[in-house]
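# Summary of the model geometry
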Protein chains: 4
Amino acid sequence: MQSQTIRQPNGEYVYTLGAGHPPIARVECGKSFVIETIDAFEGRLRSNHDLYTARCPGPPRANPQTGPIYVEGAEPGDTLVVHIEAIEPAEDFAVTALIPHFGGLTGTHLTATLNAPLPEVTRILPIRDGRLRFNDLIEMPLAPFLGTIGTAPELESISSLVPGPWGGNMDCVETSAGNAVWLPVLNRGGLLFCGDAHARQGDGEVTGVAAEMSARVTLRVELKKGLKISWPRVESDTHLMAIGSARPLEDAARIAYRELIGWLVEDYAFDALEAYELLGLAGEMRVGNMVDPSYSMVAKLHKRYLGQRGSASTNRPSLEEDII
Amino acid sequence: MQSQTIRQPNGEYVYTLGAGHPPIARVECGKSFVIETIDAFEGRLRSNHDLYTARCPGPPRANPQTGPIYVEGAEPGDTLVVHIEAIEPAEDFAVTALIPHFGGLTGTHLTATLNAPLPEVTRILPIRDGRLRFNDLIEMPLAPFLGTIGTAPELESISSLVPGPWGGNMDCVETSAGNAVWLPVLNRGGLLFCGDAHARQGDGEVTGVAAEMSARVTLRVELKKGLKISWPRVESDTHLMAIGSARPLEDAARIAYRELIGWLVEDYAFDALEAYELLGLAGEMRVGNMVDPSYSMVAKLHKRYLGQRGSASTNRPSLEEDII
Amino acid sequence: MQSQTIRQPNGEYVYTLGAGHPPIARVECGKSFVIETIDAFEGRLRSNHDLYTARCPGPPRANPQTGPIYVEGAEPGDTLVVHIEAIEPAEDFAVTALIPHFGGLTGTHLTATLNAPLPEVTRILPIRDGRLRFNDLIEMPLAPFLGTIGTAPELESISSLVPGPWGGNMDCVETSAGNAVWLPVLNRGGLLFCGDAHARQGDGEVTGVAAEMSARVTLRVELKKGLKISWPRVESDTHLMAIGSARPLEDAARIAYRELIGWLVEDYAFDALEAYELLGLAGEMRVGNMVDPSYSMVAKLHKRYLGQRGSASTNRPSLEEDII
Amino acid sequence: MQSQTIRQPNGEYVYTLGAGHPPIARVECGKSFVIETIDAFEGRLRSNHDLYTARCPGPPRANPQTGPIYVEGAEPGDTLVVHIEAIEPAEDFAVTALIPHFGGLTGTHLTATLNAPLPEVTRILPIRDGRLRFNDLIEMPLAPFLGTIGTAPELESISSLVPGPWGGNMDCVETSAGNAVWLPVLNRGGLLFCGDAHARQGDGEVTGVAAEMSARVTLRVELKKGLKISWPRVESDTHLMAIGSARPLEDAARIAYRELIGWLVEDYAFDALEAYELLGLAGEMRVGNMVDPSYSMVAKLHKRYLGQRGSASTNRPSLEEDII
C-alpha cells in the first residue's frame, strides 16, 4: 500500500500560515504521508547567473509553503506531534545566495543602516553521493531539515518568513528526520504547513540563506489531546528541546529555556528552580536563525539528565493514539 | 450637512489588520468622517474591581478595532494620508491597568523569566474639565491620540497588538488631532483600521497600558498617488516624522531615522549623508512604546531645519486631491 | 573674588575614569569653580579637510577628560551633586564628523557587518551670535551640555567613551547649565571627570558625533552624605530624571525608569507600583545616545506630577551643606 | 624537573584585569607552568547553607583572578597563544547557586524589572570518579574549563566579571584543556589573568553560575609576533573559533562570525564573501554566556571545511617559537 502524496494544487504555493487557506489534503493520525515542498526561491534560481532580485518577487511573496493540511480530529487546545520520517532532495542540487540587505553580517531593513549592500551572489550546490559540493575544494554531508513547519495561528495569517509560537520559519536543523515536532493546534484540523527544506545549514543561517532545495518529505502525525503548549517542542531519541523565536536573540533563548523548564515540570516531575539549575549545568542552546524577522533558539536537555524520572514519564496519554 | 459616522456593525470589533475582513464603510478623499472606537479592553473594565484576567479574554482577542474602511480610489502603491481632525472621549473616564507578565518593568512572555508576576491592578481615571484624575493628589491634562491606526498589510492578517510597516499598534502620541499620518496602501481601498484611543500616555507606555478610552474620532483622508513609503510617516505643523517598529528598541530607532532621511532626500532635496549629519545635531527621537510585540520609535525633524528647501518642497501632487 | 580655574596639567588629558589618576585639583562644596575642557577630538579637527582617521589616534586614546577633581569631604557611600552653572564655547566653532564604522546607521565594531564603511566627513560648524551654522541654509541655536561627566568607578578604570552607573560618556543633553547631576561617590574625594562638551546634539547622537567643542564649564558641588544611588540622577527646575546606560536600548530605558521609581519611593513617598502607573501616563523618556559602547536613556517626571508630596519632600538633609 | 607553580601572593586575588597590578610571576614561551585558581566565590560557599548574599561581598569584589603573569618577550601588537594543557579540580566539590537578580531567566540590574527576586539557593556538587553529582538521581561528567582568561586591556582596568576583546569572563567551554586560546597583547608582558574554573557548564550559563571550583591549571604560552587580533580566537584539533562579547546576543554572534571570517581570509586564503557563504552552510555558533555584563558567543568552523587550504596554511611564523 502506498502513502498518500500531497502536493500544492496547480503549484499555487501559499506565503502565509493562516486559517484562511482551504486545506489541500486531510490526513489521519498514525499513517505516514508524503509532502512535496518547493525550495524557498520557488525554483527560480537554477544557475549561478540567476540573481534573486532579478528572478524573485521578494517579500511577502517569498518562502512558498505546501499546505494547509487538515489533521482529522485536531481541535484547538491539542498539541500536534509531527514525526518527520524522511526528507529527500527532489533535485540534484541545492542553491544558496547572498541577497542585498538580508543576512546576519549586513545592514537589513530592520537593522537599518546607510551602508551600500553586499554584492549579490547565487551559488548552485550540486548534490552527489549524499554530499553537497560547495566549490572545487570543499564538500559537506547532506543534513536535510525543514526550514519551515508550523500550524495556522489563531485569527492571524502570518508570513511564512516569520517564526513564532505556531512554528513557521524557525530554520532549525532539529526539525529533521527522526525527530518529532510538537506544534500547538490553534484551529480545527490543526492546519499544517511545510516548506523551505534545506540540504544543510550553518548555525544561525548567517547569510540568511541555507542550502535551499525542493524535497519529498515523509511525515506521520499524532495528537496529544488537551495538551496546550506555548512554543514548539522537539523530541529526538536523545533530547528534549524547545524552540523560542523573538528578538533580540537572548529573548529567543529565554523563551526556549523557560519552555523547556515547563516541559520538565509538567512531564518529568521536576521542580522549576531545580530544572533551571540543571540547565545551568547541562542545558544546550543552539542558534537556529539570527536573520529572520524573529530569531530562533533551540534549548535542549539530554535525556540522560532526566534521572530515573525519564522512565516514569507522566506524558499525558493520547486519546487519538488509543483510538487509532 | 453632517459627517458620515462609522461604527463597527453589531459591535463585532476585529482583532487583526488584514484584507480578509469586509469593509464596514467607504469614504472619499477630502470629506471628514467620524469613527467610533471602543477602548482596548472592549469596555470590560469599568471599576477598580474589574481585573483584566477576570474580565478579558486576552490575546489574540485583544485591542478591538473599528474597520476596515475602504478609501475610494486607493490602489496598492499609493500612500494614504489620514488627517486626524479630532479625538474626543466617548465616556467620562479612562482606565489603566497592570496586567500580569506584561509591561516594560516585568518579565513577559517574550522576555521570559521565572519571577512571579507583579500584582494585577485596575485604575479608573475620571475625566473632568479636560483633565484626567490619577489619584487624590495628581491630575493631568488630556492628550488624546489613537494608539492603533493602520492599513491592511499585504497578504498577511496581523494582530492589532502588533505595530509594523502598515502602522498598527504603534502607541505613539504623534497620531493625534492636528497631525497627518501617512500609511502605505497595500490593498485596493487601503482598508483603514482605527482603535485603542488613549486619553494620554507616558513615553514608552511603560506599564503596557495607557489611559485607555472609547472615543469619537474625526478623520479626513487624502491619497498620494504612486508614492510608496516603507514605514509610516507623520506630518505636523512643525515637524516631519517617521515611525519605526522593531525589536530591540535601537532597531526601531534606526528604521525611523533612516525613513526620515529617505523623506528628506525625496521631498526636500537633501543629500542622504547631509541629512544624516543634520539629524545628528537636530534630530528628535521619541519612544512610542517599549512594551508591544514590536517596539515603536518616532524620529522627528523640526521644519525650521529644512532650510529654504522647506518652501520649495517637491511633494508629489495628489491626483485624488485634484479630482476632488 | 575669582573662581578657581581648573585645567589639565600640561594638556595631558586622561582617557579613562578611574582612581589611578592623581587629582588635578581639590574643590569645596558650595564654591563655584571653572573647568576647561577640550573637545572630543582633542583639538585635532580644525578644518573640513582634517579627517578623523588621519588626525586622531582612535580608541582607547579618545574623548579626553579634565580630571580627576577631588571633592573635599566626599566618602564612598555619598552622592555628589554637581550643579552645572554655565557651559561656554572656548572657540568660535564646533565640529562634527562621520567616522568609519561608527554611528547609529552603520555597521560598527560591535554591530559587526561586512559592508563597506560610509564616507568619512568632517564638518566645521561656525558659532556666531549664539547660533551654530550647519550650512548655507541651516542654522540652529546653541544648546551646550557636557557629553561626559562622571566619578571614578570602584576598582575599575573605564574608558571615557563608556557610560555607566558612574556617569561617564552618557551624551545626554540634560547635563546642561541650570541642572544638578547626581553621581555616586565610589572613592574618597569622589574624583570627578568632565569633558566632551557639545554645542548641541540630536536625540541619540545618531551619527556618533555631536557638535563637539572645547568649553569653559562653571560648576558647584554639594554632597548628600550617606545617600547611595545606583545610577546617575538629574534634577532641573521642572523635572526629576534618572539616566540608565546599557544595551540594548530597552535595557537602558528599563534602568532609567526603575531608578526614577526608586527616587519617587525614597524621597516623595510614592508606592512603587503607583509610581510605575504614574510613569505609564506621564513619564518622559529621551534617547541620550544610541552609539556609544553602552546606550543611554533619560527617564523624567515633571514635578507637577509629584502632587503635594513635592512640597513635603523627604530629601535627606546634607551635612556638608549645613557645615558650609 | 618540575613546572613552575604560580599562586596569588597572600591570597590577595584581583578583581580587575588591568596593567596596574604588579606581575605575580614571569613565564617563558614554550615552558609549561601551573596556576592555582580559586573559585568564583573565593571559597566562601562550602555548604548548601552558605548563601551568596550572606557570605560574599558582591561586585566589584567578585570573580577573583590569579595574575597578572608577565610573558617574557610579549609586546603590544603581538598575539599571545595560551595552550591549556590541563585543568584539575583542587577540591572534591564544585558549587552552583542562584543569586538574586542575576541570571538569564530573571530580571537583573541591567534588564531591570520590579519583580521580586527568585529564591536564593546554594548547591554543593560533589566530585567523585570524574563525575559531578547534581542530586540523588542525576550525575554528569566533569568538563572543566576556565570561565575567565584574558590579558590586561590597554589603558583600562576592567572588572573580571566582564568579557571583551581582551578575553576576560567569557564563560566559554572552549577554553578547556587541549585548546589554544589566542589573546591580544596590549601591554608589555601581555599580563595574563586566569580564574573562575568551572567543573562544567550548560550553554549560556543560564542561571548565571556554573559548577564553580578551585583548580590547578597547566598552561604553556607562545607568541605570534606582530599579529594583531581584534577578538579572542581558539584553536582545537578540529576547529577554528572566534569569541565575540557584546549585547544583545546577536551582536556577540556577529562579532564572532566576522572575526572568524577575518581569520579565514588572513590565514587560509579565503575570499571574505566566500567564507561568509561557507559559514552560512557549515558555521557553528555556541552560546558561551547570556548572563554576564556582555554576552559571549563562539563561532566555529570545522577544519575539514578549510579545503586543501588547511594544509597550505599561511600562518605567520613565530619568532618566539623559532628562538625557543
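This structure is a prediction, so every number in the text was calculated from the model and none was measured. Just so you know, the residues in each chain are numbered from 1, in the order the chain's sequence is written. Lettering for chains starts from A, numbering for ligands starts from 1, and both go in the order in which the items are written. At least 70 in pLDDT is required for a residue's local features to be given in this predicted model, at least 80 for side-chain atom pairs to be given and counted, and no such filter applies to totals for whole chains, interfaces and linings, which use all residues. Calculated side-chain values reflect all of the structure's heavy atoms, with hydrogen atoms and water omitted.

### A look at the overall build of chain A
Rules: In this text, helices come from DSSP runs of H or I with a minimum length of four residues, and strands from runs of E with a minimum of two, each type numbered from the N-terminal end. Only C-alpha atoms enter the radius of gyration, while the globule expectation follows 2.2 Å times N to the 0.38, with N the number of residues. The contact definition used throughout considers only heavy atoms, calling two residues in contact when any of these lie within 4.5 Å. Accessible surface area values rest on a Shrake-Rupley calculation with a 1.4 Å probe, where residue burial reflects the displayed protein chains alone.
Looking only at helices and strands, chain A has 4 helices and 21 strands in total. Here the C-alpha atoms of chain A give a radius of gyration of 19 Å, agreeing with the 20 Å that 2.2 N^0.38 yields for 324 residues. Overall, the C-alpha framework of chain A stretches about 55 × 45 × 40 Å when taken along its three principal axes. Put simply, 78% of the contacts in chain A that link residues at least 6 apart link residues at least 24 apart. Summing over all exposed atoms, chain A offers an accessible surface of approximately 10600 Å²; the carbon and sulfur share of this is 49%.

### Describing the relation of the copies chain C and chain A
One copy of the chain maps onto the other through a rotation about an axis plus a displacement along that axis. Spelled out, the test is: In this comparison the copies share one frame, found by least squares on the C-alpha atoms of residues holding pLDDT of at least 70 in both.
Once chain C has been moved 0.0 Å along the axis and rotated by 180 degrees, it coincides with chain A to within an RMSD of 0.0 Å. Taken together, the rotation angle and the small translation identify this as a two-fold axis. Of the interface residues in chain C, 100% have counterparts in chain A that sit at the interface too, so the contact is made through matching surfaces.

### Focus: the packing of aromatic side chains
For any two aromatic rings, the description comes down to two numbers: the centre-to-centre distance and the angle of the planes. The cut-off we apply is this: Ring pairs are drawn from Phe, Tyr and Trp, using the six-membered ring of Trp, whenever the two centres fall within 6.5 Å, and their geometry is named by plane angle: stacked under 30 degrees, edge-to-face over 60, tilted for the rest. Accessibility here uses a 1.4 Å probe with only protein chains present; expressed as a share of the type maximum, an area under 20% marks a residue as buried, one over 50% as exposed, and anything in between as partly exposed. A ring is scored as having a charge over it whenever the NZ atom of a lysine or the CZ atom of an arginine sits within 6 Å of its centre and within 35 degrees of its normal.
Taken as a whole and judged by the stated rule, the model has 8 aromatic pairs over all chains. Taking the centre distance of 5.8 Å and the plane angle of 65 degrees together, the rings of Phe41(D) and Tyr52(D) count as edge-to-face. Taken together, the residues span a long stretch of sequence, with Phe41(D) in the loop between β4 (33-37) and α1 (52-55) and Tyr52(D) in helix α1 at a distance of 11 residues. Residue Phe41(D) shares its accessibility class with Tyr52(D), and that shared class is buried. For the ring pair Trp182(D) and Trp263(D), a centre distance of 4.7 Å and an interplane angle of 55 degrees mean the geometry is tilted. Of the two residues, Trp182(D) is situated in strand β15 (residues 180-184) and Trp263(D) in helix α2 (residues 249-268); the sequence distance between them amounts to 81 residues. The ring of Tyr70(C) carries the charged tip of Arg26(C) above its face, separated from the ring centre by 4.0 Å.

### With respect to the domain arrangement of chain A
All names here are of chain A. As a reminder of what qualifies: For the domains described, the bounds stem from an automatic or database domain assignment. Once two parts are joined, some of their accessible surface, as seen by a 1.4 Å probe, is lost; buried area is that loss totalled over both. A pairing counts as a salt bridge when a side-chain nitrogen of Lys or Arg comes within 4 Å of a carboxyl oxygen of Asp or Glu.
Splitting chain A by domain gives domain 1 (4-224) and domain 2 (233-322). For domain 1 versus domain 2, the distance between C-alpha centres works out to 23 Å. In this assembly, 31 residues from domain 1 lie in contact with 27 residues from domain 2. Here domain 1 packs against domain 2, burying approximately 2300 Å² in sum over the two surfaces, 56% of which is carbon and sulfur. Of all residues in domain 1, Glu-174, Trp-182 and Gly-204 bury the most surface against domain 2, accounting for 27% of the area lost on that side. Counting the contacts that link domain 1 with domain 2 gives 3 salt bridges. In this structure, Asp-203 engages Arg-286 in a salt bridge whose closest nitrogen and oxygen atoms are separated by 2.6 Å.

### With respect to the relation of the copies chain D and chain A
Superposing chain D onto chain A requires a rotation of 180 degrees together with a translation of 0.0 Å along the rotation axis, leaving an RMSD of 0.0 Å. The residues that chain D uses at the interface reappear at the interface of chain A in 100% of cases, marking a shared surface.

### Concerning the interface of chain D and chain A
By a frequent convention, interface size equals the accessible area lost on bringing the separate parts together. The partner chain A presents 59 residues to the 59 residues of chain D that form the contact. Surface buried jointly by chain D and chain A totals about 5000 Å² across both partners, of which 67% is contributed by carbon and sulfur atoms. If you sort the residues of chain D by the area they bury against chain A, Tyr276(D), Glu277(D) and Leu281(D) come out on top, with a joint share of 17%. Taken together, the links from chain D to chain A amount to 2 salt bridges. Between Arg123(A) and Glu277(D) there is a salt bridge, and its shortest N-O distance comes to 3.0 Å. When contributions to the side of chain D that touches chain A are tallied by element, the ones reaching two or more residues are β7 (93-98), β8 (121-128), β10 (139-141), α2, α3 (272-282), β20 (284-289) and β21 (295-302) of chain D.

### Description of the interface of chain C and chain A
For clarity, the cut-off: Here a polar contact is taken to be a pair of N or O atoms separated by no more than 3.5 Å, where protein atoms must pair a possible hydrogen donor with a possible acceptor and residues adjacent in sequence count only if both atoms sit in side chains. Side-chain classes follow a simple rule in which Ala, Val, Leu, Ile, Met, Phe, Trp, Tyr, Cys and Pro form the nonpolar group, Asp, Glu, Lys and Arg form the charged group, and the remainder, Gly included, forms the polar group.
Taken together, the 14 residues of chain C in the interface contact 14 residues of chain A. Of the roughly 930 Å² buried where chain C meets chain A, counting both sides, 57% is carbon and sulfur surface. Together, Leu105(C), Leu114(C) and Asn115(C) form the three largest contributors to the area buried by chain C at its contact with chain A, with a combined 49%. The interface formed by chain C and chain A contains 0 salt bridges. Joining chain C to chain A, the criterion identifies 8 residue pairs in polar contact (both at pLDDT 80 or more). Residue composition of the side of chain C that touches chain A, grouped by class: 7 nonpolar, 6 polar and 1 charged.

### Observations regarding the side chain of Asp196(B)
All names here are of chain B. Rules: Asp and Glu are treated as the negative residues and Lys and Arg as the positive ones, with His and the ends of the chain left uncounted.
Here Asp-196 lies in strand β16 (residues 192-198). Buried charge Asp-196 goes without a salt bridge, the closest partner of opposite sign being Arg-286 at 12 Å. Within the structure, the side chain of Asp-196 is placed 3.2 Å from the side chain of Thr-148, a separation counted as a polar contact. A polar atom in the side chain of Asp-196 sits 2.9 Å from the side chain of His-198.

### Describing unusual backbone geometry
Cis geometry marks the peptide bond from Gly67(A) to Pro68(A), where omega comes out at 0 degrees. Note that the residue after Pro59(D), namely Pro60(D), is joined by a cis bond; omega there is 5 degrees. With phi around 65 degrees, Leu191(A) is a residue other than glycine that occupies positive phi space. Non-glycine residue Asp196(C) carries a positive phi angle of around 60 degrees. A relative accessible area of 4% means that Asp196(C) is categorised as buried.

### Remarks on α3(D)
For α3(D), the tally of buried residues reaches 10 of 11 residues, placing the bulk of the element in the interior. Every buried residue of α3(D) is accounted for by Leu273(D), Glu274(D), Ala275(D), Tyr276(D), Glu277(D), Leu278(D), Leu279(D), Gly280(D), Leu281(D) and Ala282(D). The inward-facing, buried residues of α3(D) abut β7 (93-98), β8 (121-128) and β10 (139-141) of chain A together with α2, β20 and β21 of chain D. The distance from a side-chain oxygen at the start of α3(D) to the backbone nitrogen of Leu273(D) is 3.1 Å, and the residue carrying that oxygen is Asp271(D).

### Examining the pattern of salt bridges
Throughout the structure, instances matching the rule amount to 86 salt bridges over all chains. Arg286(D) is paired through a salt bridge with Glu174(D); the nearest N and O atoms lie 2.5 Å apart. Taken together, the positions of Arg286(D) in strand β20 and Glu174(D) in the loop between β14 (167-168) and β15 put the pair 112 residues apart, joining distant regions of the chain. Judged by its relative accessible area of 11%, Arg286(D) falls in the buried class. Overlapping salt bridges, with partners in common, bring together Glu174(A), Asp203(A), Arg286(A) and Lys300(A) in one network.

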